[in-house]
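The chain contents come next:
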2 protein chains.
Amino acid sequence: PESFGDLDRKAIDTARVLAMDAVQKVGNGHPGTAMSMAPVAYLLFQKWLTHDPSDPNWPARDRFVLSMGHSSLTLYVQLYLAGYGLELEDLQALRTWGSKTPGHPEVGHTAGVETTTGPLGQGVGNAVGMAMAARRERGLLDPEAPEGESLFDHTIWAFASDGDLEEGISGEASSLAGTQQLGNLVLVYDDNKISIEDDTTIAFTEDVGARYAAYGWHVQHVDDGEDLASIDAAFAAAKAETTRPSIIVLRTVIGWPSPNKQNTGGVHGSALGDAEVEATKEVLGFDPEKTFDVAPEVIEHTRKAVTRGQEAQAAWQTRFKAWQQGNPEAAALLERMTTRTLPEGWQAKLPSWDADPKGVATRKASGEVLAALYPELPELWGGSADLAESNNTAVKGEPSFLPASRQTKAWSGGPYGRTLHFGVREHAMGAVMNGIALHGGTRVYGGTFLTFSDYMRGAVRLAALMQLPVTYVWTHDSIGLGEDGPTHQPIEHYAALRAIPGLDFVRPADANETAVAWRTILENNDRPAGLALSRQNLPVFDRSEFGSAEGVAKGGYVLAEASTGTPEVVLMGTGSEVQIAVAAREQLEAAGVPTRVVSLPCWEWFAEQDQAYREQVLPPTVKARVSVEAGVPMGWREFVGDAGRIVGLNHYGASASFSKLYEEFGLTADAVVAAARESI
Amino acid sequence: PESFGDLDRKAIDTARVLAMDAVQKVGNGHPGTAMSMAPVAYLLFQKWLTHDPSDPNWPARDRFVLSMGHSSLTLYVQLYLAGYGLELEDLQALRTWGSKTPGHPEVGHTAGVETTTGPLGQGVGNAVGMAMAARRERGLLDPEAPEGESLFDHTIWAFASDGDLEEGISGEASSLAGTQQLGNLVLVYDDNKISIEDDTTIAFTEDVGARYAAYGWHVQHVDDGEDLASIDAAFAAAKAETTRPSIIVLRTVIGWPSPNKQNTGGVHGSALGDAEVEATKEVLGFDPEKTFDVAPEVIEHTRKAVTRGQEAQAAWQTRFKAWQQGNPEAAALLERMTTRTLPEGWQAKLPSWDADPKGVATRKASGEVLAALYPELPELWGGSADLAESNNTAVKGEPSFLPASRQTKAWSGGPYGRTLHFGVREHAMGAVMNGIALHGGTRVYGGTFLTFSDYMRGAVRLAALMQLPVTYVWTHDSIGLGEDGPTHQPIEHYAALRAIPGLDFVRPADANETAVAWRTILENNDRPAGLALSRQNLPVFDRSEFGSAEGVAKGGYVLAEASTGTPEVVLMGTGSEVQIAVAAREQLEAAGVPTRVVSLPCWEWFAEQDQAYREQVLPPTVKARVSVEAGVPMGWREFVGDAGRIVGLNHYGASASFSKLYEEFGLTADAVVAAARESI
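Thresholds applied
- Residues numbered from 1 in each chain as written.
- Chains lettered and ligands numbered in written order.
- Predicted model: local features only at pLDDT ≥ 70, side-chain atom pairs only at ≥ 80, totals over all residues.
- Heavy atoms only, no water.
- Helix = DSSP H or I, 4+ residues; strand = E, 2+ residues; numbered from the N terminus.
- Rg over C-alpha atoms; globule rule 2.2 N^0.38 Å.
- Buried < 20%, exposed > 50% of the residue type's maximum accessible area, 1.4 Å probe, protein only.
- Contact = heavy atoms within 4.5 Å.
- Areas by Shrake-Rupley, 256 points an atom, 1.4 Å probe, with all protein chains shown as cover.
- Least-squares fit on C-alpha atoms with pLDDT ≥ 70 in both.
- Buried area = accessible area lost by both parts, 1.4 Å probe.
- Salt bridge = Lys/Arg side-chain N within 4 Å of Asp/Glu carboxyl O.
- Polar contact = N/O pair within 3.5 Å; in protein donor to acceptor, adjacent residues only side chain to side chain.
- Domains from an automatic or database assignment.
- Pairing = 2+ DSSP bridges.
- Axes fitted to C-alpha atoms, helices over the stretch in contact; angles between N-to-C directions.
- Phe/Tyr/Trp six-rings, centres within 6.5 Å; stacked < 30°, edge-to-face > 60°.

J.: Please set out the overall build of chain A residue by residue, giving values where relevant.
T.: Check the secondary structure of chain A and you find 27 helices and 22 strands. For 680 residues, the compact-globule estimate of 2.2 N^0.38 gives 26 Å, and chain A sits close to it at 28 Å. Expressed along its principal axes, the backbone C-alpha trace of chain A runs to roughly 90 × 55 × 45 Å. Taken over 680 residues, chain A has a buried fraction of 68%. A separation threshold of at least 6 residues defines the contact pool for chain A, and within that pool the share at least 24 residues apart is 76%. With an accessible surface of roughly 20900 Å², chain A has 48% of that area assigned to carbon and sulfur atoms.

Written as structure tokens, this is what we have:
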């Protein structure tokens, strides 16, 4: 680029040297990509990225996603050079306890890191989600501004490696980005033809550019990662392309210019060794004796990014203040979103249901909750992985989030719409939801069948690790889905999801529990939650007779007290099996056994209660306990104790009507009664 | 096609009518695709598929995979027509308890079903795996035969829907198939532009043919699913193309010719309703009053497939007998593979390790086991999702499974090679492994980091459901991997994998346990197993002092008995934490507390032991128990009981050296001792 001079060249080489030194010091890590991607990363951070290093949370900033998180040094070194607060000692502490420079970038841990990456492909999905969120937020806040002139117009930049693009999740997300015509997204593909098993010819020979063209992307090729002018031109063209996402296929040589290790798998994930580091420094004209050697004029030059950023933000703030005054409602919404604060009184809009033995499916109740909340909470939006009607995730009359030309007979909408259509892409849905949550203050939900939580698990884990307030609407939550059979019937999923640290797994027992569950989920803004909802109708319990559904907020509560007030046995369960416990209680009480029923919709919330409350619900003195849940027993022993019994399923389901399955598999009141008698 | 006449046309329309009737009878299901795919399915089963309906296990048969398992009627009706033993009453029992016609096709349950499908995209991966297995088996049995002339040459046919091709797993598998140049694979893409949310324009607008061309596939388009002549020509061209996999993009109209419901999302997954079924029958010239109406001359005509199949098999058997005589060794191997029998004495080749406090990583021990077994077990093969060196899955000197032109400096080999290179595609790896196991008697393993078992979970579940003997080599199995940090450190994965019914999860504590674990896994041929292996070195226990590693085969055993023979406390653990229990035992014994250590590498195998053995290992009288494992506590309460203590992790890891992490997170002998004192 014209504006670039010798200092910039030296800064780029300094980035390579720092990457080598940092890995060499700790003895492990990934130097190769940080060396070969140094030019494009530097050009982005110093010229193209709209950002203010002194305010990493400036809402108008461009976002940068490093999908190949193993190359964290690519990012750390640019954050250091640009002045985000990372200093040389942080780079020297790479991959050590308590440092700001962990092995993979962690959002919330290091200023300037926009998302936690490492599991490959996730970052591409995050970037697509951020680009979608940017469009939605513009629609909420500033829909009338001409293109490119809004305060909220910005660009999402992402880097991805061979591994990222081999992972199916990135293909899913990229196909969706093509459909969505995300003109605010620019992806740089580091085409270095090397992965851990060396030359990618053994496993990855496709034409990536042609694949992205097939997705509907704008595709450019730059044949030399050292050719800054061409990269610069490609960035310009990508930014100018506002009707399609852009990919730049950038040919680099991993580990360049290491004389003996460039272009090998070895330089991907291992330190170069002292001799090779020295040899490379000589090639670059650096003193091979010195480590972490940064010329003062280089850092002085690169830190001008701070001033530039502050000037950019100052100019923006002037316009922003004017916008705030002219748009008080939107400004108030933005303020709420920025602080993740809900409007006063929103809970009053939650629906409730009268007692009804025939009942309603909790998935349907969930849909009614969403419909009731939509007018109150414009930040709430979501959709499904092609199961809108089954998941009850689409609120009637709401516009779809779609380019105008993608509207269909069934779905109208526009670019600022609210109903998301993820396609049959659960994993990308999870990563896109993460990107949406990372981008800003909207609250997004996404639906699929509970059994397919398996497909999105990689993204769910990252939501939990990043503490993102996204909500999964997992319906068809048991063998109760019936005829679709074992491939579609979750059995092990309750346990498997409860095992994820930081995820709230909530399985309401009736419609009113569903409403309280949604309320509690929305009141939490620092963690993901998954709702497990029934396909089949569940009776709506008579709350004049039973405990209040408010107990859901505590994770577990006494639904039905023993007639004597002093239970001889406690029955407990979740979701559609709570009614079985209630029926068993009737039998036991009729036989003179005082029986309590506890509904335990969310173990994580229950664990947060104090011991007194927990023991009030599950009195330590009552050792006779039975759990009933249509899943593997794993985990229930904590609640039922040594003397308790667990009524569950240790095997897969089958294809038949749900009532037949419950009967054949022994999930019945009779079985619970028998178990209770054993436990007593 | 020339040979097709009116009876064939009528048979195709009969297939549509049966699909409508079957769904209408049970009241739910997926009629639309079975109606529109009836022509291509019929053409395949009656003309192109090499099969013998009277012998569904004929090893030379072509394989057919219905990736869109929800359209199970597409397959069931052809099995009925071709004479696989399915009869009208089976179609009438669709989706009901105990029937041969469950909602989704289940292998082993219905003759002629080659794989269990339903979770979308998996079937594409299975088909790719079958095509790879076919090449490998040809290489093992008949490598010298000219192309197309081997007894073992056959074709893998698969049908896939929009949803299948939206899922990332199919993209991963298809990219791999392109690299592998699988000329024996033909995929028909049912391009009906309708999914559950109706018109796919809202979510799936890519050019699928162009995407597959980018993968290196041979791409054909047929614009009308009713145009049998064009489909026939496309099949011929696809079969003639032996250097690339083929995809036929077949435009169909879902639900055709239903006058009011064709081409809608409604006909995808719901019964048409009596009126529409009748109207459609009228269009087709069927009596609207009749259901399950099959003209005798139609079924007589289609069942000629049985005679044709028997003739084909008879001809093949003649050649096969000659081959057997001329190739006794290969014939013996085939016999072993067909019956999944291991050769006598193979276990003698397993390595063992002397006591060594410094020790060896169990991933390395696993690699040594594989190297020792490779000469004995030609059916054993496998690879990694781009982590060969980390997973220790590639045996030195063995050829890679690669087209000759794909060899690299690092990896030589050929089309019949043994080391698999899956690329960074864990989910496809899982589905491909399933396809390999389904195809025949080879034993395949695949490696990645344990944390990325999340990415492949959809396929792991299906392996367990299908009871396939595939083995996952999951290394880097805890925070013990160190610096790569929380994205790469499994925490919840032990619990999540143990939750899967039918999967054996095995976490050996040292090298000798690793060898017994591999032996036991290979001796089982009816279920998948996952090995969790350490990155870090683990001490090799002194077996002259401790219990024999043979105990691994029982899932759990007494590793170190209390000095008195009567333990006051039992410590237990798995994998790298067993050494912590052993160190804690030393402290406790030194303090006068008789302490037993139990190694519990595989809960599933332990559960299979009789109660006497289990109580011998964990005496019911000893209530003081402590478990130690670097994962979530979930599940351990079953072993430690109400009085026990669980030393584990309830949170994510961090980026630092592994020794630092164990110390900071309290996974230490001191912590176990303290817990033991509490428990006592």
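J.: Give a detailed account of the relation of the copies chain B and chain A, specifying residues and quantitative values.
T.: With an axial shift of 0.0 Å and an RMSD of 0.0 Å, the rotation relating chain B to chain A amounts to 180°. Within this description, the copies of the chain are treated as partners about a two-fold rotation axis. Across chain B, the rotation axis passes nearest the C-alpha of G168(B), at a separation of 1.8 Å. When the interface residues of chain B are mapped onto chain A, 100% of them again lie at the interface, so the same face is used by both copies.

J.: Describe the environment of E513(B), with residues and values.
T.: Residues and elements named next belong to chain B. Among the secondary structure elements, E513 is positioned in helix α21 (residues 511-523). The buried category is assigned to E513, whose relative accessible area is 0%. Distance from E513 to R244, taken between C-alpha atoms, is 43 Å for residues 269 residues apart in sequence. Leave out the neighbours within four places in its chain, and E513 touches R507, P508, R543, A549, V552, Y557, S599 and P601.

J.: Report on the interface of chain B and chain A, specifying residues and quantitative values.
T.: Size of an interface: often given as the accessible area lost when the parts come together. Facing the 101 residues of chain B at the interface are 101 residues of chain A. Among the residues of chain B in contact with chain A, W97(B), E197(B) and R461(B) are the three that bury the most area, contributing 10% of the side total. The tally of links between chain B and chain A comes to 10 salt bridges. Run the count over chain B and chain A and you get 57 residue pairs in polar contact (both at pLDDT 80 or more). The element that contributes the greatest number of residues to the side of chain B that touches chain A is helix α19 (residues 457-466) of chain B, accounting for six residues.

J.: Describe the domain arrangement of chain A, naming the residues involved and giving the relevant values.
T.: Residues and elements named next belong to chain A. Each domain of chain A was delimited in the assignment, giving domain 1 (7-309), domain 2 (346-539) and domain 3 (551-679). Inter-centroid distance (C-alpha atoms) of domain 1 to domain 2 is 33 Å. On the side of domain 2, 33 residues touch domain 1, which itself brings 33 residues to the contact. Surface buried jointly by domain 1 and domain 2 totals about 2800 Å² across both partners, of which 62% is contributed by carbon and sulfur atoms. Summed over the three residues of domain 1 that lose the most area to domain 2, namely R135, R136 and E172, the buried surface amounts to 23% of that side. Applying the counting criterion to the domain 1 and domain 2 interface returns zero salt bridges. Between domain 1 and domain 2 we count 16 residue pairs in polar contact (both at pLDDT 80 or more) in total. Elements with a minimum of two residues in the side of domain 1 that touches domain 2: α6 (122-141) and α8 (168-180). Counting residues per element, the side of domain 1 that touches domain 2 draws most heavily on α6, at 15 residues.

J.: So what about the sheet that holds strand β18 (residues 557-560) of chain A? Which residues, and what values?
T.: Within a sheet, neighbouring strands are paired by backbone hydrogen bonds and run either parallel or antiparallel to one another. Residue and element names in this part refer to chain A. The strand order β18-β20-β19-β21-β22 describes an open sheet built from five strands, whose pairing is mixed. Each edge of the open sheet carries a strand with a single partner, namely β18 and β22 (645-647). Here the strands of the sheet are splayed against their neighbours by 30° on average, with no regard to which way each runs. Inspection of the sheet shows β18 paired to strand β20 (residues 595-599) by three bridges, in the antiparallel sense. Residue A560 lies in a different strand from β20, and its bridge partner there is V597.

J.: I'd like a description of the side chain of N192(A), backed by residues and values.
T.: Mapped onto the fold, N192(A) is located in the loop between β3 (185-191) and β4 (194-195). Under the relative-accessibility criterion, N192(A) is labelled buried at 3%.

J.: How would you summarise the pattern of salt bridges if you had to cite specific residues and measurements?
T.: In a structure, side chains of opposite charge can pair up when their charged atoms sit close to one another. Tallying each qualifying case throughout the model produces 63 salt bridges over all chains. The structure contains a network of salt bridges with shared partners spanning D504(A), D526(A), R527(A) and E608(A).

J.: So what's going on with the side chain of E206(B)? Residues and values would help.
T.: With respect to the secondary-structure elements, E206(B) resides in the loop between β5 (198-199) and α9 (208-215). Of the polar contacts made by the side chain of E206(B), one reaches the side chain of S175(A); its length is 2.6 Å. Polar contacts involving the side chain of E206(B) include one to the side chain of R211(B), which spans 2.6 Å. For E206(B), the residues in contact, after removing those within four places along its chain, are S175(A), A214(A), Y215(A) and R211(B).

J.: Requested: an account of the sheet that holds strand β7 (residues 246-251) of chain A, with residues and values cited.
T.: All names here are of chain A. The strand order across the open sheet formed by five strands is β1-β2-β3-β7-β6, and the pairing between neighbours is parallel. Strands with a single pairing partner mark the edges of an open sheet, and in this sheet they are β1 (63-66) and β6 (218-222). On average, adjacent strands in this sheet sit at an angle of 15° to one another, irrespective of strand direction. Taken together, the five bridges between strand β2 (residues 156-160) and β3 define a ladder with parallel strand orientation. Within β3, the residue paired with A160 across the bridge is Y189. Strands in contact with helix α9 (residues 208-215) are β3, β6 and β7; relative to β6, the strand with the most contacts, it is inclined by about 165°.

J.: So what about the packing of aromatic side chains? Which residues, and what values?
T.: All names here are of chain A. Counted by the stated rule, this structure contains 52 aromatic pairs over all chains. Summarising the aromatic geometry, the rings of W316 and F320 are spaced 4.6 Å apart at their centres and angled 15° between planes, so their arrangement reads as stacked. Of this pair, W316 and F320 both sit in helix α14 (residues 304-326), four residues apart, which is roughly one turn of the helix. Of the two residues, W316 and F320, both sit in the buried class. Here F452 and Y455 contribute two aromatic rings whose centre-to-centre distance is 5.6 Å and whose plane-to-plane angle is 70°, an arrangement assigned as edge-to-face.

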